[in-house]
Amino acid sequence: MDERESKTLNPLTFLQAFIVQSIRVAEMSGAEGDSPDHIATVGLATSSCLEEVARRHLDVTGPLDHDTYGALITDIKNRIGGRFERAPGEAGSVRVINHRCPFGDLVKEAPELCRMTSSVFGAIAARNFGYAKVELRKRIATGDGLCDVRIHLDPARVAAAKGDEYRWEGGTVTALSGATAVTERVEEFFCKTWAGPSGNFLKEPLRRRIVAESQAMQAALQAVEVVAPTPASVLVTGETGVGKEVIARAVHAISRRADRVFLAVNCGAIPENLVDSTLFGHEKGAFTDAHQASAGLFERADGGTLFLDEVDCLTPSAQSRLLRVLQEGEYERVGGHSPRHTDVRIVAASNRRIDGLVADGSFRRDLYYRLNVVPIHIPPLRQRPDDINALVVHFMKRLEARYGGPPKVLGERAWAVALGYDWPGNLRELENVLERAYLFAPGGVIEELPIEGQCAAEPPSSSLQAVKKRAAMEVEARVIADALTRAGGNVSAVARAMGITPRAVHMKLRAHGIDAASYRAGSAR
């Protein structure tokens, strides 16, 4: 059995899919809001229950100091199978390291589960100290060999640290994801730029979104933020379908050229004899059928941004002329003799390693250095498992908006395939498969993903499924009961603490047979 065939649904990926899908179902049932941090939200909701259990186990009462807090969070993780211990850290922070993940090696298939750890640690710290920023410097999930977690407790000392922030405000923990922050900043410019004067974007709010849950995509967006305001050329690399044009459009959206034209061309799709004419234009009579002069892309993009996809496919002649434009800002139309000047920002892209093409002489070295001033690499989707859940949810919402039908969700078998398949066609393949599944699924649950040549993954055994669902229900019931106790039976306060609507809380109360009134003052339970 090869690696792809062995990737089937396992306890960890089932738990991941169950959590995300359960929250999706809650949204369909009337819950408000649309937080992308589904698993982190679960961690926030369970943190108070976990803290209470750990306090009882360690016989801790009253306010925590830093040392006791460190002992408490390591106790929580080690009681479920971790190997966490305290380590020396900076002033105003608590540092813990871990050599065995509670989820085992399977966490490498679902690294976003680390966000649950982050939210548990951060929420407990925020409740006891008012503020926390959780920095995951190293993770077993991403192949580092150990986890190195820094919980910064002094907001004045953590400006340079990267991580998720947690604050105690109004009797509840509020969280700001570092990943969400950079995504929101880039997306704000992105949305404004592509709305256009007609406002079409506002009518299609799901048409253009940037999904960046993985560290690789967050790093790409951080690079976009840094380079976009400058005139530097950008070279985006990655397999076909990973979203290179989205990065190019984001660079344009944040640049000073955002109110000017953005043009995109696939250099590999231009017939070889028309490359020069397409890029630089031609004069009347320059060749057969050139009955009138025509402006090329560099002329039309003057003052704006030109995205050259598959730039490695350019002919030697076009490479030479492109180099001249980058160096001198001037070119000549085909058949012309007068230099023309242009001010164009170049964002190039390739699905091949251009340095290898330079080595074999098929791509100019000097042009490569001009294009590769700022490289941004987008890994394939199979290396970004953090993004798969978010992309599935995003694409399903977009399909609902496009076709206007009833909401649909992935069933257990479909999630098995989505999480285990390598997606060689990346985002394009994922969206295509989901669209076909959405159109042909007879009900509200999509049980199969129509992937050519892919056998449906086997769902977990009925006994494993029952155990996981029962465990999840028991945890949810304990979380709700704990929240009711803290809120004195106030359902609205519980809803605010859990980040869902009162209606969703009432649905959960009915499902678990819990009477909120019994938690109110003066009631006997």
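Placed above this text is the structure.
The model shown is predicted, which means the values in this text are computed figures rather than measured ones.

(A) Broad picture of helix H5 (residues 114-129). With 16 residues, H5 ought to run about 22 Å at 1.5 Å a step, and its terminal C-alpha atoms sit 22 Å apart, in line with that. In terms of burial, H5 is largely enclosed, as 14 of its 16 residues are buried.

(B) View of the side chain of serine 255. Mapped onto the elements, serine 255 comes out in the loop between helix H9 (244-254) and strand E8 (262-266). A distance of 3.1 Å separates a polar side-chain atom of serine 255 from the backbone nitrogen of arginine 257. The contacts of serine 255, once residues within four sequence positions are left out, are Ala228, Pro229 and Arg345.

(C) The sheet that holds strand E5 (residues 164-169), seen in detail. Pairing is antiparallel across the open sheet formed by six strands, whose spatial order is E1-E2-E4-E3-E5-E6. Each having just a single partner strand, strand E1 (84-87) and strand E6 (172-176) make up the two edges of the open sheet. On average, adjacent strands in this sheet sit at an angle of 25 degrees to one another, irrespective of strand direction. Here five bridges tie strand E3 (residues 131-138) to strand E4 (residues 147-152), and the two strands are oriented antiparallel to one another. Looking across to E4, one finds that valine 134 is bridged to isoleucine 151.

(D) View of the nonpolar core. Ranked by size, the top nonpolar core spans 30 residues in total, and within it Leu279, Phe298, Leu306, Leu308 and Val311 carry the most contacts. Counting only elements with at least two residues in this core, the list comes to E8, helix H10 (275-280), helix H11 (297-300), strand E9 (305-309), helix H12 (316-328), strand E12 (345-350), helix H13 (354-359) and helix H14 (365-371). Tallying contributions element by element places H12 first for this core, with four residues. Not counting residues within four places of it along the chain, the set of residues in contact with leucine 308 comprises Val265, Cys267, Leu279, Leu322, Ile346, Val347, Ala348 and Ala349. If you look at the next biggest cluster of nonpolar residues, it comprises 27 residues, including Phe395, Leu410, Tyr421 and Ile451.

About the thresholds
- Residues numbered from 1 in each chain as written.
- Predicted model: local features only at pLDDT ≥ 70, side-chain atom pairs only at ≥ 80, totals over all residues.
- Heavy atoms only, no water.
- Helix = DSSP H or I, 4+ residues; strand = E, 2+ residues; numbered from the N terminus.
- Expected span 1.5 Å × (residues − 1).
- Buried < 20%, exposed > 50% of the residue type's maximum accessible area, 1.4 Å probe, protein only.
- Polar contact = N/O pair within 3.5 Å; in protein donor to acceptor, adjacent residues only side chain to side chain.
- Contact = heavy atoms within 4.5 Å.
- Pairing = 2+ DSSP bridges.
- Axes fitted to C-alpha atoms, helices over the stretch in contact; angles between N-to-C directions.
- Core = buried A, V, L, I, M, F, W, Y, C linked by side-chain atoms within 4.5 Å.

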